[in-house]
Amino acid sequence: MFAAFAAGWRVLILAWTRHGPHRTREGAGKMLDQIKGLHHVTSMARDARQNNEFFTKKLGLRRVKKTVNFDAPDVYHLYYADELGTPGSVMTYFPFPNIGKGRHGVGEVGTTVYSVPEGTLAYWEKRFADEGVTGLSRDESFGEKRLGFAGPDGDGFALVESKADTRTPWAKGNVPSDEAIRGFHSVSLRLKDGGATEELLKFMGYEEVDTSGTVKRLAVKDGNGANIVDIESLPGAAFADLGAGSVHHVAFAVENRAKQLDVRKALMDTGYQVTPVIDRDYFWAIYFRTPGGVLFEVATNEPGFDRDEDTAHLGEALKLPSQHQHLRPYLEQHLQKLED
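Basis of the calculations
Residues numbered from 1 in each chain as written. Predicted model: local features only at pLDDT ≥ 70, side-chain atom pairs only at ≥ 80, totals over all residues. Heavy atoms only, no water. Helix = DSSP H or I, 4+ residues; strand = E, 2+ residues; numbered from the N terminus. Rg over C-alpha atoms; globule rule 2.2 N^0.38 Å. Buried < 20%, exposed > 50% of the residue type's maximum accessible area, 1.4 Å probe, protein only. Contact = heavy atoms within 4.5 Å. Areas by Shrake-Rupley, 256 points an atom, 1.4 Å probe, with all protein chains shown as cover. Pairing = 2+ DSSP bridges. Axes fitted to C-alpha atoms, helices over the stretch in contact; angles between N-to-C directions. UniProt positions renumbered as here; feature names shortened; annotations may be inferred. Salt bridge = Lys/Arg side-chain N within 4 Å of Asp/Glu carboxyl O.

- You'll find the protein chain entered in an unreviewed UniProt entry as Putative ring-cleaving dioxygenase mhqE, with Mesorhizobium prunaredense given as the organism.

## Details of the overall build of the protein chain
Stage number 1. Along its length, the protein chain carries six helices and 16 strands.
Stage number 2. Here the C-alpha radius of gyration of the protein chain, 19 Å, is about what a compact globule of 340 residues would show, namely 20 Å.
Stage number 3. Taken along its principal axes, the extent of the C-alpha atoms in the protein chain is 50 × 50 × 35 Å.
Stage number 4. Here the protein chain holds 340 residues, and 56% of them are scored as buried.
Stage number 5. Considering only intrachain contacts with a sequence separation of at least 6, the fraction spanning at least 24 residues in the protein chain is 69%.
Stage number 6. In the form shown here, the protein chain has an accessible surface area of approximately 14,200 Å², with 50% of it arising from carbon and sulfur atoms.

## A closer look at the sheet that holds strand E5 (residues 108–116)
Stage number 1. Spatial strand order, E6-E7-E8-E5-E9-E12-E11-E10: eight strands in an open sheet with mixed pairing. Unpaired on one side and paired on the other, strand E6 (137–141) and strand E10 (206–212) mark the two borders of the sheet. Recorded for the sheet is a direction-independent mean angle of 25° between the axes of neighbouring strands.
Stage number 2. In this structure, E5 lies alongside strand E8 (residues 156–161), joined through five bridges in parallel fashion. Opposite Val116, over in E8, you have Glu161 as the bridge partner.

## A closer look at the pairing of strand E13 (residues 247–254)
Stage number 1. Taken across its eight residues, E13 has eight buried, putting it largely inside the fold.
Stage number 2. Relative to E13, strand E1 (residues 38–45) is paired through five bridges, and the arrangement is antiparallel. Bridge pairing links Val41 to Val250 in E13.
Stage number 3. Here E13 pairs with strand E16 (residues 295–303) via five bridges, running parallel. Its bridge partner lying in E16, Phe252 is registered against Val298.

## Describing the UniProt feature "domain: VOC" (unreviewed entry) in the protein chain
Stage number 1. Those residues carrying the UniProt feature "domain: VOC" (unreviewed entry) are residues 37–162 and 183–301 in this numbering.
Stage number 2. Counting secondary structure, residues 37–162 comes out at 17% helix and 47% strand; the distance between its end C-alpha atoms is 16 Å.
Stage number 3. As annotated, residues 183–301 comprises 18% helix and 44% strand, and the C-alpha atoms at either end are separated by 15 Å.

## Observations concerning the pattern of salt bridges
Stage number 1. All chains considered together, the criterion is met by 18 salt bridges.
Stage number 2. Salt-bridge contacts for Arg103 lead to Asp241; the nearest nitrogen and oxygen are separated by 3.5 Å. With Arg103 in the loop between strand E4 (90–95) and E5 and Asp241 in the loop between strand E12 (228–233) and E13, this pair connects stretches of sequence that are 138 residues apart.
Stage number 3. Given the relative accessible area of 45%, Arg103 is considered partly exposed.
Stage number 4. Beyond isolated ion pairs, a larger network of salt bridges with shared partners links Glu198, Lys202, Glu208 and Lys216.

Shown next, in the form of structure tokens:
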């Protein structure tokens, strides 16, 4: 099942992989201003129930959509976020039963970082210890206090204290609002050579703001709060292998389809080969492979997760795309039951 899905994605993405020499930003035309930060991060998991429990119970996020993988409909696509599924807060998963464990390395998103209020890491460290969350580590990076932890499949995560983050958390989870996750803070890319991807991000509207050791930080000015990307260059590291615990792709947010088309044209004019626009029901998506190997998506903020569910009941019912509606009786019987 996973092999068929992976093969399908390879056909899609390899057909739209960038070829030829890298073009510098100076030769690429005007820097884009449509992208405002992250939209979502999509990863692979092994067990849907365990995954759902981790994000809704341990992290206190809201499951805002329970649907299926459009390319492998007998596999869930689960979305966890704030109350509304605001772009910049959305973590999504494809839980493939019996999938092998991913191998971390270069050419992938290494760490997905959430923002929490200043002074709350002690709360989270105790909570995680009590809940049996593994991989706990405390450090400081770019002047920010961090708590690293592992997801249920060894996924790399961290919490960062941010006193400037005014986004509203999901208030009806099991984490008090004063400590709750606000949304994404950043993602960290692990690359053999970060230079070409750095130039790409600068073309996409990011600016270099700081450096710490081997990590370079870029950010979108006046972004959506999830507007930081860190690049870690590890020239001697092995390449990552996709599996449970791996990030499949990272998506960047644009307001609407018109701005998405502007971005697509600009990327193609610069030498990138980008997929056609794909309807994902809750956003429109385009994909392209970066020079460092990470799969990027540009997703629209429209139409949002309330297009087929009332806001008060997001993520409760199984929602299927129109092309898979005929499979509902089978899927409702065979998909793993989730604890709500």
